Each structure stands twice: as structure tokens, then as C-alpha cells.
Amino acid sequence: FQERLNFHGRYDIDKGPPIHQSETCFVVKATDTKMSEYFEDQFKANAGEEVYEVDKYKFREILTKSELISQDVKNINHLFIRADVDKSGKISKKEFVDFCVAEIGS
């Protein structure tokens with residue numbers, strides 16, 4: 001049902017005012033509702049179907065194998081700290097998905 005309400009079946013148009021408006025252009029903010037699914041699939045594919053949290057090294061591996069960051073990125077401490085919301089020293093699947101949606105794309 002929700003897909004029928006979304007623009008092109010996946011974009012939820014924000015209710016707020018346009019980001020930009022001119023005589024020839026009207027830009028609104030939208031959220032890609034399928035991105036959470038995509039990032040969850042990336043986590044499962046690269047961490048394992050039954051894995052629910054990963055350490056910093058596996059986090060980097062998932063990001064690079066999914067091509068979400070470049071192989072050249074050596075230090076991911078700043079990314080790990082932002083993703084580790086509960087400060088447990090591990091990234092849960094939910095933290096990974098939330099991080100990716102916020103930091104990489106929505």
C-alpha cells in the first residue's frame with residue numbers, strides 16, 4: 001500500500017516547503033524508502049545472514065565490499081564512532097543501516 005503513495009513507488013516526498021523554487025524549477029526533499037532494505041541486504045550479504053553485530057574490522061569490510069567506501073580508506077575510526085550509537089564497540093545491523101541511510105544516502 002505504501003508503495004502506491006510514494007513517488008515512483010519508493011520516494012516519500014517531505015511535507016515541508018520546497019528546498020528550491022524558481023520560474024522553471026521546483027525542488028522538494030524526499031526520502032528513498034528502499035535504501036534501508038538495500039543497506040540491510042548489504043549487511044547480510046557481507047556479514048552473514050545470522051550475524052547481528054560486527055566489530056570495526058568487519059564494519060570496514062562490509063563498507064568496502066559493498067563499495068560504499070573506497071578500498072583506499074585506511075582509517076575508519078571516525079565512521080565507526082558515528083555508527084556505534086550505543087557505544088558498545090560493535091555495530092548492530094540496525095546501527096549499520098541507520099548510519100548508511102544518514103551518511104551515505106537516502
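The structure this text deals with has already been given above.
Residues numbered from 1 in each chain as written. Predicted model: local features only at pLDDT ≥ 70, side-chain atom pairs only at ≥ 80, totals over all residues. Heavy atoms only, no water.

So, on to the overall build of the protein. When its secondary structure is counted, the protein shows five helices and six strands. Reading the protein from its N terminus to its C terminus gives the helix and strand order α-β-β-β-β-α-β-α-α-β-α. For 106 residues, the compact-globule formula gives about 13 Å, and the C-alpha radius of gyration of the protein, at 17 Å, lies well above that figure. C-alpha atoms of the protein, sized along the principal axes, occupy 50 × 30 × 25 Å. Taking all 106 residues of the protein together, 28% fall into the buried category. Considering only intrachain contacts with a sequence separation of at least 6, the fraction spanning at least 24 residues in the protein is 42%. Of the roughly 7,400 Å² that the protein leaves accessible, carbon and sulfur atoms contribute 51%. Positive and negative side-chain charges of the protein, numbering 16 and 20 respectively, have mean locations separated by a distance of 2 Å. (Helix = DSSP H or I, 4+ residues; strand = E, 2+ residues; numbered from the N terminus. Rg over C-alpha atoms; globule rule 2.2 N^0.38 Å. Buried < 20%, exposed > 50% of the residue type's maximum accessible area, 1.4 Å probe, protein only. Contact = heavy atoms within 4.5 Å. Areas by Shrake-Rupley, 256 points an atom, 1.4 Å probe, with all protein chains shown as cover. Lys, Arg positive; Asp, Glu negative; His and termini not counted. Charge placed at Lys NZ, Arg CZ, Asp CG, Glu CD.)

The contact between helix α2 (residues 35-47) and helix α3 (residues 56-65) brings their axes to 9 Å, and the two run at 115 degrees. Looking at the two axes, α2 sits roughly perpendicular to α3. For the pair α2 and α3, the sense of crossing is right-handed. For the pair α2 and α3, the contacting residues are Gln42, Phe43, Asn46 and Ala47 in the first and Lys58, Glu61, Ile62 and Lys65 in the second. Residues of the contact of α2 with α3, tallied by class, amount to three nonpolar, two polar and three charged. (Axes fitted to C-alpha atoms, helices over the stretch in contact; angles between N-to-C directions. Parallel < 35°, antiparallel > 145°, perpendicular 65-115°, else oblique. Left-handed = near helix turned anticlockwise from the far one by under 90°. Nonpolar A, V, L, I, M, F, W, Y, C, P; charged D, E, K, R; others polar.)

What follows deals with a nonpolar patch on the surface. Residues Tyr11, Ile13, Phe26 and Val28 make up a contiguous nonpolar surface patch of about 330 Å² in total accessible area. On the secondary structure map, Val28 appears in the loop between β3 (26-27) and β4 (30-32). (Patch = residues over 30% accessible without salt bridge, like charges linked within 9 Å, V, L, I, M, F, W, Y side chains within 5 Å. Salt bridge = Lys/Arg side-chain N within 4 Å of Asp/Glu carboxyl O.)

Here Val101 lies in helix α5 (residues 93-103). Given a relative accessible area of 21%, Val101 falls into the partly exposed group.

If you look at the biggest cluster of nonpolar residues, it comprises 19 residues, and the most contacted ones within it are Phe59, Leu63 and Phe96. Secondary structure elements with two or more residues in this core: α2, α3, α4 (77-83) and α5. (Core = buried A, V, L, I, M, F, W, Y, C linked by side-chain atoms within 4.5 Å.)

Right, let's talk about the packing of aromatic side chains for a bit. Inspection of the entire model under this criterion finds five aromatic pairs. With centroids separated by 5.4 Å and ring planes inclined at 50 degrees, the aromatic side chains of Phe43 and Phe96 adopt a geometry described as tilted. Here Phe96 lies in helix α5 and Phe43 lies in helix α2, a separation of 53 residues in the sequence. No difference in accessibility class separates Phe43 from Phe96, as the two residues are buried. Between Phe59 and Phe80 the ring centres are 5.8 Å apart and the planes differ by 75 degrees, which places this aromatic pair in the edge-to-face class. Here Phe80 lies in helix α4 and Phe59 lies in helix α3, a separation of 21 residues in the sequence. Across the pair, exposure class does not vary: Phe59 and Phe80 are buried alike. (Phe/Tyr/Trp six-rings, centres within 6.5 Å; stacked < 30°, edge-to-face > 60°.)

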